[in-house]
Amino acid sequence: MKKIALAILNWNGKDLLEQFLPSVVAYSPEATIYLVDNHSSDKSVSFVLENFPEVKIIQNHDNFGFAKGYNHAISHIDEEYIGFINSDVEVTPNWLQPILQLLEEKQYHIIQPKILDYKNKEFFEYAGAAGGFMDRFGYPFARGRVFQELEKDENQYLSAEIFWASGACFFMSKRYFIDLDGFDEVFFAHQEEIDLCWRAQNKGLKVYCTTDSTVYHLGGATLHNQNPKKTYLNFRNSLLMLTKNLPATNLPFIILSRLVLDGIAGIQFLLQGKWKHTLAIIHAHFSYYRNFSIALEKRKQNKIKKYFYINSLIFNYYVKGNKKFSAFLAK
């Protein structure tokens, strides 16, 4: 049996599978490939069965989203290591070799490749770039991406330990995934990988980006940045993640600050005529309040540690004018 599995989550993504699955199959001889299908109503499954018989099919009986979709599939995967890879990712020759070597060395426990933009392949891609970080208020950014600013890849970021690995493509041991109770299913989708990486680090595990491996991510294939549902999930899940993982001494101030900052963001959306996004933030807050006690219960399972890279991403970006991750290196 092969040591590594690639699990591709799919929901009505036949067109994406036609476009991106060929590269995954061609350039991943080291891996067993699984299609994790979230009860698609298109012909995704039949397309894979007919054209890629080497790909194994795991069929969920409903659209469980990213978190529960993967959690439900794990029991059907026997390989030691699992790569979680989006259906809109193009891989490159020999991309798995440096990742598998790092997993075998066991110095790092969650690993992502360098993620570049499929539409503009000289630039980093929004979802993960060269590895993710977070400020004290829970705003994520990455080496090569700060808010909407994407840097050109000029090999300025080498392989390094990071804070979070992108859900678009990352790898870890199945054993560690199970030990961490997998993704938080309340999240449904968005930021569940950051929460997983934070909980992993609370248990002493390390997250790493290897720039010796490169993939290209289309991005926005399931939910575009302009979709209010994505706004809802990002704002709600960020608050839940902070509540679960922040040290108790920081929690009240950070949560109150975030609620205020979210309110300001809602006003900005309203002034821009994007009232649906304002409503999404309001709904996100009410959902957070409903799930607050659940998040508090989950934090009891954590050995909480303090993690953030810079004090305030908003201050650095809007006041100091730092548009690139490299500007934060001096802190």
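Our subject is the structure that appears above.
Residues numbered from 1 in each chain as written. Predicted model: local features only at pLDDT ≥ 70, side-chain atom pairs only at ≥ 80, totals over all residues. Heavy atoms only, no water.

A.B. asks: In this structure, what is going on with the nonpolar core? I would like to understand it.
C.D. replies: The nonpolar side chains of soluble globular proteins are, as a tendency, buried together. Ranked by internal contacts, the top residues of the largest apolar core, which has 66 residues, are Phe-84, Met-172 and Phe-183. Formed by 31 residues, the second largest nonpolar core is a distinct cluster that contains Val-24, Ala-168, Cys-169 and Val-215. (Core = buried A, V, L, I, M, F, W, Y, C linked by side-chain atoms within 4.5 Å. Buried < 20%, exposed > 50% of the residue type's maximum accessible area, 1.4 Å probe, protein only.)

A.B. asks: Just checking my understanding: could you explain unusual backbone geometry for this structure?
C.D. replies: Peptide bonds are mostly trans, and most non-glycine residues show a negative phi. Notably, Asn-12 is not glycine yet its phi reads approximately 50°, a positive angle. Summarising the element assignment, Asn-12 is placed in the loop between β1 (4-10) and α1 (14-26). For Lys-106, which is not glycine, the phi dihedral falls at a positive 65°. Inspection of the secondary structure puts Lys-106 in the loop between α4 (96-105) and β6 (110-117). (Helix = DSSP H or I, 4+ residues; strand = E, 2+ residues; numbered from the N terminus.)

A.B. asks: Honestly, the packing of helix α7 (residues 228-245) against helix α8 (residues 251-271) in this entry has me stumped. Any pointers?
C.D. replies: A pair of packed helices is characterised by two quantities: the angle between their axes and the separation of those axes. In contact at an axis separation of 10 Å, α7 and α8 are set at 170° when each is read in the N-to-C sense. Between α7 and α8, the interaxial angle falls into the category roughly antiparallel. Here α7 contributes Thr-231, Phe-235, Ser-238, Leu-239, Leu-242 and Thr-243 to the contact with α8, which in turn contributes Leu-251, Ile-254, Ile-255, Arg-258, Leu-259, Asp-262, Ala-265 and Phe-269. For the contact of α7 with α8, the residue count by class is 9 nonpolar, 3 polar and 2 charged. (Axes fitted to C-alpha atoms, helices over the stretch in contact; angles between N-to-C directions. Parallel < 35°, antiparallel > 145°, perpendicular 65-115°, else oblique. Contact = heavy atoms within 4.5 Å. Nonpolar A, V, L, I, M, F, W, Y, C, P; charged D, E, K, R; others polar.)

A.B. asks: What is the right way to look at helix α3 (residues 65-73) in this model?
C.D. replies: Residues spaced three or four apart along an α-helix face the same direction, because each turn holds 3.6 residues. Buried residues dominate α3, accounting for 7 of its 9 residues. For α3, the full list of buried residues reads Gly-65, Phe-66, Ala-67, Gly-69, Tyr-70, Asn-71 and Ala-73.

A.B. asks: Could you clarify how one ought to interpret a nonpolar patch on the surface in this entry?
C.D. replies: There is a patch of nonpolar side chains on the surface, built from Leu-270, Trp-275, Leu-279, Ile-282, Phe-286 and Tyr-289 and spanning about 620 Å² of accessible area. With 5 residues, the top contributor of residues to the nonpolar patch is helix α9 (residues 275-299). Looking at the element boundaries, Leu-279 is found in helix α9. (Patch = residues over 30% accessible without salt bridge, like charges linked within 9 Å, V, L, I, M, F, W, Y side chains within 5 Å. Areas by Shrake-Rupley, 256 points an atom, 1.4 Å probe, with all protein chains shown as cover. Salt bridge = Lys/Arg side-chain N within 4 Å of Asp/Glu carboxyl O.)

A.B. asks: How do you make sense of the pattern of salt bridges when you look at a structure like this?
C.D. replies: Tallied over the entire structure, the rule returns 15 salt bridges. Residue Asp-117 pairs with Lys-119 through a salt bridge whose shortest N-O separation is 3.5 Å. Where salt bridges share partners, they join Asp-184, Asp-195, Arg-199, Lys-244 and Lys-298 into one cluster.

A.B. asks: Got a minute to help me understand the side chain of Asn-291 in this structure?
C.D. replies: By secondary structure assignment, the location of Asn-291 is in helix α9. With residues near it in sequence (within four places) discarded, Asn-291 still touches Val-186 and Leu-240.

A.B. asks: I tried to follow α7 on my own but got confused; where do I start?
C.D. replies: In this model, α7 (18 residues) spans 26 Å end to end at C-alpha, consistent with the 26 Å of a helix rising 1.5 Å per residue. Of all the 18 residues making up α7, 14 are buried; the element is thus mostly covered by neighbouring parts of the structure. In this structure Asn-227 caps α7, since a side-chain oxygen of it lies 2.8 Å from the backbone nitrogen of Lys-229. (Expected span 1.5 Å × (residues − 1). Polar contact = N/O pair within 3.5 Å; in protein donor to acceptor, adjacent residues only side chain to side chain.)

A.B. asks: Would you take a moment to explain the packing of aromatic side chains for this structure?
C.D. replies: Two numbers describe a pair of aromatic rings. These are the distance of the centres and the angle of the planes. Scanning all chains against the criterion turns up 31 aromatic pairs. Considering the side-chain rings of Phe-124 and Tyr-157, the 5.9 Å spacing of their centres and the 55° angle between planes classify their relative orientation as tilted. With Phe-124 in strand β7 (residues 120-124) and Tyr-157 in the loop between β11 (149-150) and β12 (160-162), the pair connects residues that are 33 residues apart, well separated along the chain. The same class applies to Phe-124 as to Tyr-157, namely buried. (Phe/Tyr/Trp six-rings, centres within 6.5 Å; stacked < 30°, edge-to-face > 60°.)

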